[in-house]
Amino acid sequence: MLLTVSGPPGAGKSTTVATLAEAFGLEHISGGDIFRQLAAERDMTAVEFNRLAEEDDQIDRDLDRRLRTIALERDDVLLESRLAGWLAGDAADIRLWLDAPLDVRAKRIAAREDKSLDTAREETHAREESEALRYEEYYSIDITDLGIYDVTLNTARWSEEDVPDILTAAVEAYDPDDDEGKFPVEGVEYDF
């Protein structure tokens, strides 16, 4: 099984995926962890590394190529990244999108990264705008188009404990024999 979990910063992906991966015996691969690791190796914050990625498109392309290869070649994986659903494409069994209002996400990020709410909000908004432009430019992906996702969930509406339960129930209820067809992933230019 290949599950993808995508969503903007602070949506609760990291909190949720560990439970999902364990529930279904899947290896969890996080694009965000890889990105932050690459940033740390250059002694940069994720925001600084994001700015560098605006100038050096090979940073995104290398990471995205790695994630796409994993999606196409490996089994029993939960792939988590902003573009996981797009990169896995039709190879994904179920594509999930987690979100929450910007103020909620900024509050979560501020607490997690020990920064002010205003700073977290500004950085998160800037990061999202930067990434959206790059995804469109590199791959013709409109990150705001949620039509490819099987489940979209506003994580601000349920508790941190309930969100994984809701998603686990959705995945458990999935029966391939009753599947009349997922939305195809079309128009993406996988130009790595």
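Residue positions are counted from 1 within each chain, in the order its sequence is given. Only residues with pLDDT of at least 70 get local features here, since the model is predicted, and only at 80 or more are side-chain atom pairs given and counted; chain-wide, interface and lining totals rely on the full set of residues. Values shown for side chains rest on all heavy atoms present in the structure; no hydrogens or waters enter the calculation.

Caption draft 1: Structural view of the nonpolar core. Note on terminology: a nonpolar core comprises buried Ala, Val, Leu, Ile, Met, Phe, Trp, Tyr and Cys residues joined through side-chain atoms within 4.5 Å. Relative accessibility under 20% of the residue-type maximum defines a buried residue, over 50% an exposed one, and the middle range a partly exposed one, all with a 1.4 Å probe and only protein chains included. Counting residues in hydrophobic clusters, the biggest one holds 30 residues, and the most contacted among them are Leu2, Ile29, Leu67, Leu79, Leu83, Trp86 and Ile141. In DSSP terms, a helix is any run of H or I states spanning at least four residues, a strand is any run of E spanning at least two, and both are numbered starting from the N terminus. Among the elements of the structure, α2 (31-41), α3 (46-55), α4 (58-73), β3 (77-80), α5 (84-88) and α7 (117-139) are those that each provide at least two residues to this core. It is α4 that contributes the most residues to this core, five residues altogether. In what follows, a contact means two residues having at least one pair of non-hydrogen atoms within 4.5 Å. Once residues within four sequence positions are removed from consideration, isoleucine 141 is found in contact with Leu83, Trp86, Tyr135, Glu136 and Val188. Val5, Leu20, Leu78 and Leu167 belong to the second-largest nonpolar core, a separate cluster that totals 15 residues.

Caption draft 2: Representation of the packing of aromatic side chains. Whether two aromatic rings pair depends on their centres lying within 6.5 Å, for rings of Phe, Tyr and Trp, where Trp uses its six-membered ring; planes under 30 degrees apart make the pair stacked, over 60 edge-to-face, and the rest tilted. Tallied over the entire structure, the rule returns five aromatic pairs. Relative to tyrosine 149, the ring of tryptophan 97 has its centre 5.2 Å away and its plane inclined at 50°; by these criteria the two rings are tilted. Of this pair, tryptophan 97 sits in strand β4 (residues 94-99) while tyrosine 149 sits in the loop between α7 and β5 (151-154), and the two are 52 residues apart along the sequence. When its relative accessible area of 6% is taken as the criterion, tryptophan 97 is described as buried. Seen in terms of ring centroids, tyrosine 138 and tyrosine 139 are 5.7 Å apart; in terms of plane orientation they differ by 80°. Their pairing is edge-to-face. A single burial state applies to tyrosine 138 and to tyrosine 139, both of which are buried. One aromatic cluster in this structure is built from Tyr138, Tyr139, Tyr190 and Phe192. Definition used: whenever NZ (Lys) or CZ (Arg) falls within 6 Å of the ring centre and also within 35 degrees of the ring normal, the charge is taken to sit over that ring. Sitting above the plane of the tyrosine 138 ring, arginine 61 keeps its charged end 4.4 Å from the centroid.

Caption draft 3: Molecular detail of unusual backbone geometry. Even without being a glycine, aspartate 43 presents a positive backbone phi close to 55°. Within the element layout of this structure, aspartate 43 appears in the loop between α2 and α3.

Caption draft 4: Region of interest: helix α6 (residues 102-113). The terminal C-alpha atoms of α6, which comprises twelve residues, lie 16 Å apart, in line with the 16 Å expected from a rise of 1.5 Å per residue. At its buried positions, α6 is contacted by β4 and α7. Of the residues trailing α6, aspartate 114 is marked for its positive phi of about 50°. Expected span, for any helix, means 1.5 Å times one less than how many residues it has.

Caption draft 5: Expanded view of the environment of isoleucine 70. Within the secondary structure layout, isoleucine 70 lies in helix α4. Put simply, isoleucine 70 and leucine 87 are 17 residues apart on the chain and 9.7 Å apart in space, counted from C-alpha to C-alpha. Not counting chain neighbours up to four residues away, the residues in contact with isoleucine 70 comprise Ile29, Val77 and Leu79.

Caption draft 6: Region of interest: the side chain of arginine 82. As for its position among the elements, arginine 82 is in the loop between β3 and α5. Polar contacts here mean pairs of N or O atoms no more than 3.5 Å apart (in protein, one a potential hydrogen donor and the other a potential acceptor; neighbouring residues in sequence count only if both atoms are side-chain atoms). For arginine 82, the side chain forms a polar contact with the main-chain oxygen of glycine 7, separated by 3.0 Å. Here glutamate 131 takes part through its side chain, which lies 2.9 Å from a polar atom of the side chain of arginine 82. Not counting the four nearest positions on each side in its chain, arginine 82 is found in contact with Ser6, Gly7, Pro8, Pro9, Lys13, Trp97, Arg127, Glu131, Tyr135, Ile143 and Tyr149.

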